[in-house]
Amino acid sequence: IPIAIDDINDHRPIFPYKSPDIQLHLSENSPPLQSKLFLQQAHDLDQLDQDQQLKYELKPLSNSFPFRLDTNTDGSNRLALVLLEPLDRERIDSYQ
């Protein structure tokens, strides 16, 4: 699942992956609301807010994107894409 990250500051956030396109995999029979894809947090050289946390937002390119972005409010900056509805690989085999 390629994910685009927009930054309103002058430095782009950097995820610790080898490629700028992050690919995550999930089985077609994964149960909705119980299936999560975890992402490593990004690092940004810009001045952060007072809590020293990055803020994340998911901007899907279509209305059929069956995930939501969960972030922890405990200061850990852990990110997860949560599956919202059943997947059907015969209908759609990837999401961006």
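Relevant structure appears above.
In this text the structure is predicted, and so the values were computed from the model without any measurement.

Break down the pairing of strand β1 (residues 36-39) for me, with residues and values.
Of the two faces of β1, only one is covered, namely that formed by L37 and L39; the face formed by K36 and F38 stays uncovered. Where β1 meets strand β3 (residues 79-83), 4 bridges bridge the pair, whose relative direction is antiparallel. Its bridge partner lying in β3, L39 is registered against L79.

Talk me through the pattern of salt bridges; I want residue IDs and the actual numbers.
Where charged atoms of side chains with opposite charge meet at close range, the side chains can pair. In this structure the tally under the stated criterion is 1 salt bridge. Two residues, D70 and R68, come together in a salt bridge whose shortest N-O distance is 2.9 Å. Residue classification places D70 among the partly exposed positions, given a relative accessible area of 24%. The class for R68 is partly exposed, based on a relative accessible area of 36%.

Tell me what's going on with the packing of aromatic side chains, and back it up with residues and numbers.
What characterises a pair of aromatic rings is the spacing of the ring centres plus the angle enclosed by the ring planes. The full count for this structure, using the stated rule, is 4 aromatic pairs. Between F65 and Y95 the ring centres are 6.2 Å apart and the planes differ by 85 degrees, which places this aromatic pair in the edge-to-face class. Placement of F65 in the loop between β1 and β2 (67-71) and of Y95 in the segment after β3 is noted, with a sequence separation of 30 residues between them. Exposure class is identical for F65 and Y95. Each is buried. Ring centres of F67 and Y95 lie 6.1 Å apart, and the angle between their planes is 85 degrees; on these two criteria the pair is classed as edge-to-face. Taken together, the residues F67 in strand β2 and Y95 in the segment after β3 connect sequence positions 28 residues apart. Per residue, the accessibility class of F67 equals that of Y95, and both read buried. Taken together, the ring pairs connect F65, F67 and Y95 into an aromatic cluster.

Rules of the game
Along every chain, residues carry numbers that run from 1 in the direction the sequence is written. The predicted origin of the model limits local features to residues at a pLDDT of at least 70 and limits the giving and counting of side-chain atom pairs to 80 or more, whereas totals for whole chains, interfaces and linings rest on all residues. Only hydrogens and water are set aside when side-chain values are computed; all heavy atoms of the structure are taken into account. The rule is simple: take the accessible area with a 1.4 Å probe, protein chains only, and divide by the maximum for that residue type; under 20% is buried, over 50% is exposed, in between is partly exposed. Numbering of helices and strands runs from the N terminus; a helix is a DSSP stretch of H or I covering at least four residues, while a strand is a stretch of E covering at least two. Between any two strands, at least two bridges found by DSSP are needed for them to pair. Each salt bridge in this description consists of a side-chain nitrogen of Lys or Arg and a carboxyl oxygen of Asp or Glu lying within 4 Å of one another. The aromatic pairing rule takes the rings of Phe, Tyr and Trp, using the six-membered ring of Trp, and pairs them if the centres are within 6.5 Å, calling planes under 30 degrees apart stacked, those over 60 edge-to-face and the rest tilted.

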